[in-house]
Amino acid sequence: MADDVTQPRIGVDEWVSSVEEKRERYRGPIGWLRRGWDSSPPAARLLVFVVPAVIFPFVTSEGNLFRYGLITLLYALLGLGLNVTVGFAGLLDLGYIAFFGIGAYTYGYVASTHANHHWPAELAIPLAIAVAGLVGFIVGFPSRRLVGDYLAIVTLFFGQAFVVFVNNADRINFWPFNHTDLTGGANGLDNIDPLNVFGWKVNTTKEYYLFTLGAFLLVMILLYFVSGSRTGRAWKALREDPLAAEVMSMPVNKLKLMAFTFGAGIAGFAGAIYGSVQTGAFPGDYDIGLLITIYAIVILGGAGSLAGVIVGALIVNGVPELLRDSNQAEWVFYTVVAILVITKVRPWQKLVTVIGGTIALGFALHAIADAWFPRWTAGEANAGRLAHWVSHWMVLPSHPTQLANWAYVLTIALILVLTLLHGWWRTIVMIPTIYVGAFAWENLLVENTVGATRFLLLGALLVVLMNARPQGLFGSARVEIV
Amino acid sequence: MNWSLFWDLTVSGLTLGSVYALVALGYSMVYGILKLLNFAHGDVYMIGAFMGWFALHWLGGPINPSAAAWLVVVLMFLFAMVACGGLGVVIERFAYRPLRNAPRIAPLISALGVSFFLQNSALLLFGASFRDYDTFHLIGAKTYNVGDVFLSVPQLLTIVSAIGLMIGLTLLVARTKIGKAMRATSFDREAASMMGIDVDRVIASTFFIGSALAGAAGVMFALVFGQIYHFMGFLAGLKGFTAAVIGGIGSLPGAMLGGLLVGLAESYATGYLPQGSTFQNLYVFALLIAIIIIRPQGLLGKPDVNKV
């Protein structure tokens, strides 16, 4: 089919043609930005992130700095480590959070009142990294010859075993522990010393923020060079095709173990900082909830992309925090939905169907509920500026919580369905999706953006991303050569 | 040696083992056909336990059931199995089918997402508290004994129905047309589709059967141990997977054998190893590691040959 323009021209490398095609596809201001980003030197790209990050602590309050700044940075640092294992080498490490915990516990053990050691951070942090890396090496060792799936399940089990261990390691009565209190059991380690790096006592949130920023940049720059190095390139080859890599005489097992240990070490580093920020290490902090958060960050940003980790951490940690204020949340929701629908739904017939259908559905349901089930419209709208409009359109039951929970789950299920439908079916399913989503939003999410709702969203995010855009926001799409 | 303790541990190990074996079968079937680790399988098992609970309460609850006790139990099993089977098909359709030709890591991440989605949906919809099955009220607390061996009714029920389901599955895979199609698909998907086998349908029915078995396992576990909660699927999933690996992943008799071994190992660890009741899961983990090092293809599995 020589006339088919969607097929690559004969004699042209498929990859080259796909890149050319992609370049041409970016138009307008976004295309200009995109090309600028692609062609700017890495140091300039780093500045785009560093300058706002350095200014941020001087323009915001202590609480905001902690919630938006410090936690985001810690997540991003964790994301960098996971990016080595999952993004570079393509190994699915589901015990990653355990290494984070090992870092925190190691730091806590040598720098707290628990065992009465008070090591300075310049010794304690390398120890935490080394212990986490060593444990990573030991865990990765049995899986070295096996396919990625075994590694995934062994590490998942290991993460669970770690939680069981730290919960009970204060009363093990057999060799080699014999009643040594290692972890403080279910109460965890408390009174962990603040960081004390070469005599600099890190105390306030601002100082912690700056220290973590420094640590993050250090790891980021290190990874930038590792990524382009011999080992980094070998990891990526391994990720794309382990069998081909092996045939090319790459030491596959050694590379896998290295990537695994490297990632674990970075997690240990982040753990040590986290332990001192919290002045404690508690078993509940190193559970699967955090694992999924970090995975969402790495996958959303794009596995293998360093810039993606920052953006992913900002979105995954920042957006739910922003939405805590219900007035803001309402505006954000309707604006985002409107923009998405208007930019993504083509042609105009479908757009009109979606908008008209959603509005009509709302008023119709409201009228029906008003006439027959007054209880369903007895609830109060949120006190936003949109409230007046919304209260005539949206069904607001007087005791909405349980119902809104169902609506929330239903919304996410509908969105999952949407990603797989095409044509008019998609348009039609979109109408109830938007309405049910708005229902859940009005009645539930505005007050409750933490815990189960958040994790549920992250779980669904992973599925949707894998279906719709596996390379994430910043990753490069995989080149399929058949 | 304290024989009555030994027999108690053996019976509870066999009971647990039957549950793990049923979970492991689902893992193994899906792995055999898609080479995919279905992390969400443990959560399907959890949903099964909840579906059994709902069926029980729609039928009047454990104290005042609206039908004979045996009928209630049968209906609980049926409802949980059908609901879970349907759930499995839906999961396959929306989370795994679009990724069938994607790199290996993509469906694994998707599976992780599904697992988390199910867990937190259950937390949100069913609440965080434990729910009681109240089996005593439903079935009574009668136990049977042969010498030193004591068996309660739910334990007997679990072991017998698990054996029944396994025989049924073996016959299905060995004798029926769909079983033949499953074997062909797992042997070589492309060739099977060229021979006119509707691969999509075969995979969907594999998911249906595997998930239905997990649902039955969930109800069994709840009947024996009484309490269910939203996070119960996680550990059961890990143990089921351990069982599948120990038996040889992809092999159905292996999954059954592995399940029984893991159940017995866990039970004996609780009784005989130091601080076993605290660290039983760590001992099972050690067993998994040991098997992976000594015999990575499992007891009944064939060594994996890399094909290009």
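Asks: Which residues make up the overall build of chain B, and what values go with them?
Replies: Check the secondary structure of chain B and you find 12 helices and four strands. Computed over its C-alpha atoms, the radius of gyration of chain B comes to 19 Å, within 12% of the 19 Å expected for a compact globule of 308 residues. Across its three principal axes, chain B shows a C-alpha extent of roughly 55 × 45 × 40 Å. Counting only residues that meet the buried cut, chain B has 54% of its 308 residues in that class. Long-range contacts, defined as pairs at least 24 residues apart, comprise 77% of the intrachain contacts of chain B with a sequence gap of at least 6.

Asks: Can you tell me about the overall build of chain A, naming the residues and giving the values?
Replies: Summing up its helical and strand segments, chain A has 19 helices and six strands in all. The burial tally for chain A puts 41% of its 482 residues in the buried class. Within chain A, residue pairs in contact and separated by at least 24 positions form 74% of the contacts whose partners lie at least 6 positions apart.

Asks: Can you tell me about the interface of chain A and chain B, naming the residues and giving the values?
Replies: With 45 residues of chain A in contact, the opposing surface of chain B contributes 40 residues. Only α7 (148-168), α12 (288-301), α17 (401-418) and α19 (452-468) of chain A provide two or more residues apiece to the side of chain A that touches chain B. Ranked by the residues each element gives to the side of chain A that touches chain B, the list is headed by α7 of chain A, at 13 residues. Considered class by class, the residues forming the side of chain A that touches chain B number 33 nonpolar, nine polar and three charged.

Asks: Give me the environment of Tyr274 of chain A: which residues, what numbers.
Replies: All names here are of chain A. Its location among the elements puts Tyr274 in helix α11 (residues 252-278). Owing to 25 C-beta atoms within 10 Å, Tyr274 belongs among the buried residues under this scheme. Each C-alpha atom, one on Tyr274 and one on Ala104, is 6.5 Å from the other, the two residues being 170 residues apart in sequence. If we skip the residues at most four places from it in the chain, Tyr274 touches Leu74 and Ala104.

Asks: I'd like a description of unusual backbone geometry, backed by residues and values.
Replies: Residues and elements named next belong to chain A. The phi dihedral of Thr279 falls on the positive side, at around 50°, and the residue is not glycine. Mapped onto the fold, Thr279 is located in the loop between α11 and β6 (280-281). On the basis of neighbour count, Thr279 is assigned to the partly exposed category, with 14 C-beta atoms found within 10 Å.

Asks: Which residues make up the confidence of the model for chain B, and what values do they have?
Replies: When pLDDT is low, close inspection of the predicted coordinates is not appropriate. Of the residues in chain B, 98% reach a pLDDT of 70 or more, and the chain-wide mean stands at 88. Both scores are available for the predicted complex, with the pTM at 0.86 and the ipTM at 0.86.

Asks: Residue-level account of the packing of helix α3 (residues 42-59) of chain A against helix α8 (residues 205-228) of chain A, with values.
Replies: In helix packing, the relevant descriptors are the interaxial angle and the interaxial distance, both defined with respect to the helix axes. Residues and elements named next belong to chain A. Running from N to C, α3 and α8 point in directions that differ by 170°, and their axes come no closer than 10 Å. Classed by the angle they form, the pair α3 and α8 counts as roughly antiparallel. Contact residues: α3 offers Pro42, Val50, Ala53 and Pro57, while α8 offers Lys206, Tyr209, Leu210, Leu213, Leu217 and Tyr224. In terms of residue class, the contact of α3 with α8 is made up of nine nonpolar, no polar and one charged.

Asks: Lay out the environment of Gly52 of chain B in plain terms, naming residues and giving numbers.
Replies: All names here are of chain B. Along the chain, the position of Gly52 falls in helix α2 (residues 41-58). On the basis of neighbour count, Gly52 is assigned to the buried category, with 30 C-beta atoms found within 10 Å. Spatially, the C-alpha atoms of Gly52 and Met220 are 9.3 Å apart, while their sequence positions differ by 168 residues. When residues no more than four places from it in sequence are discounted, the contact partners of Gly52 are Met76, Ala80, Gly218, Val219 and Ala222.

Asks: Give a description of the pairing of strand β3 (residues 149-152) of chain B that names residues and reports values.
Replies: All names here are of chain B. The pairing of strand β2 (residues 143-146) with β3 spans four bridges and is antiparallel. Each bridged residue has a counterpart across the sheet, and for Asn145 the counterpart in β3 is Phe150. Linking β2 to β3, which pair antiparallel, is a turn of two residues; within it Gly147 sits at a positive phi near 60°.

Asks: Would you mind going over the nonpolar core in detail, with residue names and values included?
Replies: Within the largest apolar cluster, 233 residues are counted, with the highest numbers of intra-cluster contacts made by Leu462 of chain A together with Ala21, Leu22 and Ala216 of chain B. In terms of domain composition, this core takes at least three residues from each of domain 1 (60-322) and domain 2 (326-448) of chain A. With residues up to four places along the chain from it excluded, the contact list for Ala21 of chain B reads Ala162, Met166, Ala243, Ala255, Met256, Gly259 and Leu260 of chain B.

Asks: So what about α8 of chain A? Which residues, and what values?
Replies: Its 24 residues place the ends of α8 of chain A 34 Å apart at the C-alpha level, agreeing with the 34 Å of an ideal helix rising 1.5 Å per residue. Looking at α8 of chain A, one finds that the buried residues are Tyr208, Tyr209, Phe211, Thr212, Leu213, Phe216, Val219 and Leu223 of chain A.

Asks: So, the environment of Ala106 of chain B: which residues are in play, and what are the values?
Replies: Turning to its location among the elements, Ala106 of chain B is positioned in helix α4 (residues 105-126). On the basis of neighbour counts, which here come to 21 C-beta atoms within 10 Å, the residue Ala106 of chain B falls in the buried class. Separated by 10 residues in the primary sequence, Ala106 of chain B and Tyr96 of chain B have C-alpha atoms spaced 9.1 Å apart. Discounting residues that sit within four places of it in the chain, Ala106 of chain B has contacts with Met466 and Pro470 of chain A together with Leu99 of chain B.

Asks: Outline the packing of helix α3 (residues 69-96) of chain B against α4 of chain B, listing residues and values.
Replies: All names here are of chain B. The interhelical angle for the contact between α3 and α4, taken along N-to-C directions, is 130°, at an axis separation of 10 Å. In terms of orientation, α3 lies oblique with respect to α4. Seen from above, α3 lies across α4 with right-handed handedness. Residues Ile91, Ala95 and Tyr96 of α3 lie in contact with α4, whose contacting residues are Pro107, Ser110, Ala111 and Val114.

Definitions and cut-offs
- Residues numbered from 1 in each chain as written.
- Chains lettered and ligands numbered in written order.
- Predicted model: local features only at pLDDT ≥ 70, side-chain atom pairs only at ≥ 80, totals over all residues.
- Helix = DSSP H or I, 4+ residues; strand = E, 2+ residues; numbered from the N terminus.
- Rg over C-alpha atoms; globule rule 2.2 N^0.38 Å.
- Buried ≥ 20, exposed ≤ 12 C-beta atoms within 10 Å, placed from the backbone.
- Contact = placed C-beta atoms within 7 Å.
- Nonpolar A, V, L, I, M, F, W, Y, C, P; charged D, E, K, R; others polar.
- pLDDT = per-residue confidence, 0-100.
- Axes fitted to C-alpha atoms, helices over the stretch in contact; angles between N-to-C directions.
- Parallel < 35°, antiparallel > 145°, perpendicular 65-115°, else oblique.
- Pairing = 2+ DSSP bridges.
- Core = buried A, V, L, I, M, F, W, Y, C linked by C-beta atoms within 7 Å.
- Domains from an automatic or database assignment.
- Expected span 1.5 Å × (residues − 1).
- Left-handed = near helix turned anticlockwise from the far one by under 90°.

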